[in-house]
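# Chain and residue survey
These are the residues of each chain, in order.
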Number of protein chains: 2
Amino acid sequence: MLKNIRIVLVNTSHPGNIGAAARAMKNMGLSDLCLVEPRKFPHRDAEARAAGATDILENAKVVDDLDQALADCQLVVGASARSRTIPWPIVNPRELASIVAPLADDVRVAVLFGREDRGLTNDELQRCHHHVHIPVNEDFSSLNIAAAVQVITYELRMAKLSDVDEAKPQWGTDWDVELADNRELELLFEHLEQTLIEVDFLDPDKPRNLMPRLRRLFMRAIPDKIEVNVLRGMLTAVQKCTKGKES
Amino acid sequence: MLKNIRIVLVNTSHPGNIGAAARAMKNMGLSDLCLVEPRKFPHRDAEARAAGATDILENAKVVDDLDQALADCQLVVGASARSRTIPWPIVNPRELASIVAPLADDVRVAVLFGREDRGLTNDELQRCHHHVHIPVNEDFSSLNIAAAVQVITYELRMAKLSDVDEAKPQWGTDWDVELADNRELELLFEHLEQTLIEVDFLDPDKPRNLMPRLRRLFMRAIPDKIEVNVLRGMLTAVQKCTKGKES
C-alpha cells in the first residue's frame, strides 16, 4: 500500500524542504516523489536535508504541470490549511489513512502539498477528491511542508501497521523474562511483611494500610520472575543484617 | 494538558533542529521547551527554522543537566530508536498520547529527545517511565529530531482534541494522591542504592544491572508521593537496623 502512494510537491521554493520531505517519506516507507516545477532542484540543500534518502531524490519525477503528476492516480488528496471558498470534503490525517488503508493494493494515491507561502491554488484543490487538514494550533497554523509530509505519511504507515500488529506484547516490547505468577507474588509479599516487622517498620498489631499500599504499588508494575527474585534477595540481605544485630 | 508537556532536547548539535522543533511544538499548541547543553544556542539557524515560533525559543530554558530539566516532572518519557540492553516499557506515539491524555491537568510530563547521531544514553533512558518509539521503516530508521517532535506532539494534540468527552482517569480510577515528581524519585533511588550497599546486597565495584532493573520496576508503577514516602521510610528503618549491628 505505501509503495502506491505518491507525494506531490507543487512549486516548492526551498530545496531543503524537498530533501526533508524525502527523508520523512523514506522513514515512513514511501518512495514515490513527484515534483511539479520546483524552484531549485537538484540542489545541495535538498541532498543535505535528505540525509540518507538521496535515492528518493534521484528517483523523483520532475514535471511541468499537475496533469503529468496525477495522470495515473485514482485517488487525489490535497493538503489544505483551511477550507476555501467552496467547501470540499475535508478529513484529518487519521481519517485519510482510514480511507486509504482499505483500498486495493493497485490503487494509486497522490497526496499534494502546495507552496511554502500560499499552499495549493483553488484550481489545484479542485483537482482533489478530498482535502486533508492537519488540526494545528489556530494561532500558529503555518506548518512546514516537510512536517506536514511527516505527519500524513506517519498516519498512513500507522494504518498499514495496525492491520498487522494486533497481538502486541506486554508493555509494547518483547520482555526477556517470564512474568511472575501469583504464587511467587504472594511469597514475595509474605517475605516483605515479615522483613518489615523485623526492622520495626510494620507493627503487626497496628498494620494500618501499609501492606495494601505496597501490594498495589508492586502489582501495578506487573513484576517478572527475575524482578521478584531480586526483591526477595534484597529482603534476605536485610534480614541477615537484622539478625546479626540481635545475636 | 498540552501546556504541561515539556519537550526536552538533550545535547542537540544543529541549532536548525532546535528551531524546527520549536515550530512543530507551536503548531501543535505546546510551549514548554527545555534545552540540555545545546551545542549552539541561541543561533541564527534556530531563528530561521523556527519561522514564527521565536517566542518558544526566547522562553526556552537552557540547563546544564537532565536533573534540572526533569525535577518537577511526574511522568518522563524518552524517545528511543530501538530497545536497549534492558527492555523497558515501550509505546508508540499514539499509545503515549492515550497515557498522557487522561492525566490530571496539573501533572507535568517531559518528553526527551536525544542527540542527532546517537539519541539518548542508557543512563538517560533509565530516567524514563516509558520509552516512545515511532514505528519507522526498519531500513531507514534515523528520524530527524524535529520530525520526531512533530509526530509525537501531533499525537498528543489529536488525543487532546478527541478526548473532550471520553477521559478515563489514570489506571481507570481517580487517584487520591499526587504522583511523585522526578526529583523525589531520584532521591528514592539514591536512598535505595545506598541502603543496598549497606546491607551488602549491592557491590559498588560490581553493580551489574541491579539499579537499572529496580528503576525499571518502580518506574513502571508510576509511584505517587505517599508511596515514595513509605518506601523511603522502609529504607530508613533498614538503615537503622544495619547501623545498630555495626555499633
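Residues numbered from 1 in each chain as written. Chains lettered and ligands numbered in written order. Predicted model: local features only at pLDDT ≥ 70, side-chain atom pairs only at ≥ 80, totals over all residues. Heavy atoms only, no water.

For the rest of this paragraph, the subject is the pairing of strand 1 (residues 5–10) of chain B. All names here are of chain B. Among the six residues that make up strand 1, six are buried, leaving the element largely enclosed by the rest of the structure. Of the two faces of strand 1, the one holding Ile 5, Ile 7 and Leu 9 and the one holding Arg 6, Val 8 and Val 10 are both buried throughout. Bridging between strand 1 and strand 6 (residues 109–113) involves five bridges; their strand directions are parallel. Paired with Arg 6 across the two strands is Ala 110, which belongs to strand 6. Here strand 1 pairs with strand 2 (residues 32–36) via five bridges, running parallel. Bridge pairing in strand 2 links Val 10 to Val 36. A crossover links strand 1 with its parallel partner strand 2, the connecting element being helix 1 (residues 15–27), and its sense is right-handed. (Buried < 20%, exposed > 50% of the residue type's maximum accessible area, 1.4 Å probe, protein only. Helix = DSSP H or I, 4+ residues; strand = E, 2+ residues; numbered from the N terminus. Pairing = 2+ DSSP bridges. Right-handed = clockwise from strand over helix to strand, strands pointing away.)

Moving on: the side chain of Arg127(B). Residue and element names in this part refer to chain B. Here Arg 127 is to be found in the loop between helix 6 (122–125) and strand 7 (130–132). Judged by relative accessible area, Arg 127 falls into the buried class, the value being 10%. Among the polar contacts made by the side chain of Arg 127, one reaches the side chain of Asn 182 at a distance of 2.8 Å. Residue contacts for Arg 127: discarding those within four places in its chain leaves Leu 66, Asp 67, Leu 70, Val 76, Asn 182, Glu 186, Arg 215 and Met 219. (Polar contact = N/O pair within 3.5 Å; in protein donor to acceptor, adjacent residues only side chain to side chain. Contact = heavy atoms within 4.5 Å.)

Looking now at the environment of Arg6(B). Residue and element names in this part refer to chain B. Inspection of the secondary structure assignment puts Arg 6 in strand 1. Sequence spacing of Arg 6 and Lys 240 is 234 residues, and the spatial spacing of their C-alpha atoms is 39 Å. Look past the residues within four positions of Arg 6 in its chain and what remains in contact with it is Asp 32, Cys 34, Ala 69, Asp 72, Cys 73, Arg 108, Val 109, Ala 110 and Val 111.

Now for the interface of chain A and chain B. Each partner contributes to the interface: chain A provides 64 residues, whereas chain B provides 66 residues. The three residues of chain A that bury the most area against chain B are Phe140(A), Tyr154(A) and Arg220(A), which together make up 12% of that side's buried surface. Counting across the chain A and chain B interface gives eight salt bridges. Here Asp224(A) ties to Arg216(B) by a salt bridge, and the two come within 3.6 Å at their closest N and O atoms. (Buried area = accessible area lost by both parts, 1.4 Å probe. Salt bridge = Lys/Arg side-chain N within 4 Å of Asp/Glu carboxyl O.)

Another aspect to go through is the pairing of strand 6 of chain B. Residues and elements named next belong to chain B. Across the five residues that make up strand 6, a large majority, five, are buried. Two strands pair when backbone bridges link them, and strand 4 (residues 75–79) and strand 6 are joined in this way by four bridges, in the parallel orientation. Pairing of Val 77 across the sheet is with Val 111, part of strand 6.

Let's shift gears to the domain arrangement of chain A. We note that the domain assignment places domain 1 (2–164) and domain 2 (172–246) within chain A. Relative placement of domain 1 of chain A and domain 2 of chain A: their C-alpha centres are 54 Å apart. (Domains from an automatic or database assignment.)

Summed over all chains, the structure comprises one aromatic pair over all chains. A centroid spacing of 5.7 Å and a plane angle of 55 degrees characterise the contact between Phe218(A) and Phe218(B), whose relative ring orientation is tilted. Placement of the pair is Phe218(A) in helix 9 (residues 210–221) and Phe218(B) in helix 9 (residues 210–221), with the two residues belonging to separate chains. Accessibility assignment for this pair places Phe218(A) and Phe218(B) in one class, buried. Against the face of Phe140(B) rests Lys26(A), its NZ or CZ located 4.8 Å from the ring centre. (Phe/Tyr/Trp six-rings, centres within 6.5 Å; stacked < 30°, edge-to-face > 60°. Lys NZ or Arg CZ within 6 Å of the ring centre and 35° of its normal.)

Quick look at the nonpolar core now. By size, the foremost hydrophobic cluster in this structure holds 95 residues, and its most contacted members are Leu9(A), Leu33(A), Phe113(A), Leu9(B), Leu33(B) and Phe113(B). Residues within four places of Leu9(A) in sequence aside, it is in contact with Ile18(A), Ala21(A), Leu33(A), Cys34(A), Leu35(A), Val36(A), Phe113(A), Ile145(A) and Val149(A). In terms of nonpolar packing, the next biggest core, distinct from the first, is built from 45 residues, Val228(A), Met234(A), Met234(B) and Val238(B) among them. (Core = buried A, V, L, I, M, F, W, Y, C linked by side-chain atoms within 4.5 Å.)

This part covers the sheet that holds strand 6 of chain B. Strands in a sheet are paired, the pairing made by backbone hydrogen bonds, and the direction either parallel or antiparallel. All names here are of chain B. Pairing is parallel across the open sheet formed by seven strands, whose spatial order is 3-2-1-6-4-7-5. The open sheet is flanked by strand 3 (61–63) and strand 5 (90–91), the only strands paired with a single partner. Where helix 1 meets the sheet, it contacts strand 1 and strand 2, and its direction lies at approximately 160 degrees from that of strand 2. (Axes fitted to C-alpha atoms, helices over the stretch in contact; angles between N-to-C directions.)

Attention now moves to the packing of helix 5 (residues 93–100) of chain B against helix 7 (residues 145–162) of chain B. Residues and elements named next belong to chain B. Where helix 5 meets helix 7, the closest approach of the two axes is 8 Å, and the angle between their N-to-C directions is 45 degrees. Classified by the angle between their axes, helix 5 and helix 7 sit oblique to one another. When you trace helix 5 past helix 7, the crossing you get is right-handed. Contact with helix 5, carried on its side by Pro 93, Arg 94, Leu 96, Ala 97 and Val 100, involves Val 151, Ile 152, Glu 155, Leu 156 and Ala 159 of helix 7 and no other residues of that element. Across the contact of helix 5 with helix 7, the residue classes break down as eight nonpolar, no polar and two charged. (Parallel < 35°, antiparallel > 145°, perpendicular 65-115°, else oblique. Left-handed = near helix turned anticlockwise from the far one by under 90°. Nonpolar A, V, L, I, M, F, W, Y, C, P; charged D, E, K, R; others polar.)

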